[in-house]
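Chain residues, written in single-letter form:
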Amino acid sequence: TQLLEQSPQFLSIQEGENLTVYCNSSSVFSSLQWYRQEPGEGPVLLVTVVTGGEVKKLKRLTFQFGDARKDSSLHITAAQPGDTGLYLCAGGDNYGQNFVFGPGTRLSVLP
Amino acid sequence: GAGVSQSPRYKVAKRGQDVALRCDPISGHVSLFWYQQALGQGPEFLTYFQNEAQLDKSGLPSDRFFAERPEGSVSTLKIQRTQQEDSAVYLCASSLSGLNQPQHFGDGTRLSIL
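My aim in this report is to walk through the structure given alongside it, one point at a time. Source: prediction; values computed, not measured.

Details of unusual backbone geometry
Part 1 of the argument: The linkage connecting S7(A) with the following residue, P8(A), adopts the cis geometry, with an omega of -10°.
Part 2 of the argument: Within the element layout of this structure, P8(A) appears in the loop between strand 1 (5–7) and strand 2 (10–14).
Part 3 of the argument: With an omega of -5°, the peptide bond running from S7(B) to P8(B) counts as cis.
Part 4 of the argument: In this structure, P8(B) sits in the loop between strand 1 (5–7) and strand 2 (10–13).
Part 5 of the argument: With a phi close to 55°, K59(A) is a non-glycine residue in the positive phi region.
Part 6 of the argument: Within the secondary structure, K59(A) is located in the loop between strand 6 (55–58) and strand 7 (61–65).
Part 7 of the argument: Located in the positive-phi region is R69(A), a residue other than glycine, with phi close to 60°.
Part 8 of the argument: With respect to the secondary-structure elements, R69(A) resides in the loop between strand 7 and strand 8 (71–76).

Structure (structure tokens):
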């Protein structure tokens, strides 16, 4: 069974700070997706990374997929209170048979 | 429709009652997923449909859980003889096709078993 671990579990920072959250596994994933979830809502897709070593930018968010496709990171520059939420990584195996979510990193950005 | 719609948004039931949760996926999306999300946790996979075929139900916690998608569109997740540990948010998602396509989520049904 594929598992995804995320760290840190909780993160509370001041507005304007930078941060990085991590998604790790011992298994290889064909792709990894990052979602953000706010209270009372379903997760919303931020990005999908497919190629080992790939870097994608979405405004102040930078996503990287590890060379071995076993890990990923999300870096936020100059965090804002609107970035507050639960950040989830999720991925499927190379056989298209399993899809799992990590437990998430709960980010709180204080004004 | 414009997005995935789930109903009801909230459901309170007494232990032992049966409940049915509905999911309307995005029109044209072939794949449909059900997840269970406990408070403070990530979504846990329950089951997955490709059209009307249930391709994977390995995540269903017990035989009290049953899901169907008879016409390849709307899906229903049924829980029989509910227990307190069934209390959670149940999320539905749909995608164009397959496990590795981006999934579009509904806002979930929050189920509370008293």
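What about the side chain of R64(B)?
All names here are of chain B.
Part 1 of the argument: Turning to its location among the elements, R64 is positioned in the loop between strand 6 (53–56) and strand 7 (65–68).
Part 2 of the argument: Within the structure, R64 has its side chain in polar contact with the backbone oxygen of R81 (distance 3.2 Å).
Part 3 of the argument: If near-sequence neighbours (up to four positions away) are discounted, R64 is found in contact with K78, I79, Q80, R81, T82, Q83 and D86.

Quick word on the pattern of salt bridges
Oppositely charged side chains can pair when the atoms bearing their charge come close.
Residue and element names in this part refer to chain B.
Part 1 of the argument: According to the stated counting rule, one finds six salt bridges over all chains in the structure shown.
Part 2 of the argument: Its salt-bridge partner being D86, residue R64 comes within 2.8 Å of it at the nearest N-O pair. Taken together, the residues R64 in the loop between strand 6 and strand 7 and D86 in the loop between strand 8 (75–79) and strand 9 (88–95) connect sequence positions 22 residues apart.
Part 3 of the argument: In this structure R64 comes out as buried when scored by relative accessible area, which is 12%.
Part 4 of the argument: With its nearest N and O atoms 3.4 Å apart, the salt bridge here joins E68 to K78.

Conventions we followed
- Residues numbered from 1 in each chain as written.
- Chains lettered and ligands numbered in written order.
- Predicted model: local features only at pLDDT ≥ 70, side-chain atom pairs only at ≥ 80, totals over all residues.
- Heavy atoms only, no water.
- Helix = DSSP H or I, 4+ residues; strand = E, 2+ residues; numbered from the N terminus.
- Polar contact = N/O pair within 3.5 Å; in protein donor to acceptor, adjacent residues only side chain to side chain.
- Contact = heavy atoms within 4.5 Å.
- Salt bridge = Lys/Arg side-chain N within 4 Å of Asp/Glu carboxyl O.
- Buried < 20%, exposed > 50% of the residue type's maximum accessible area, 1.4 Å probe, protein only.

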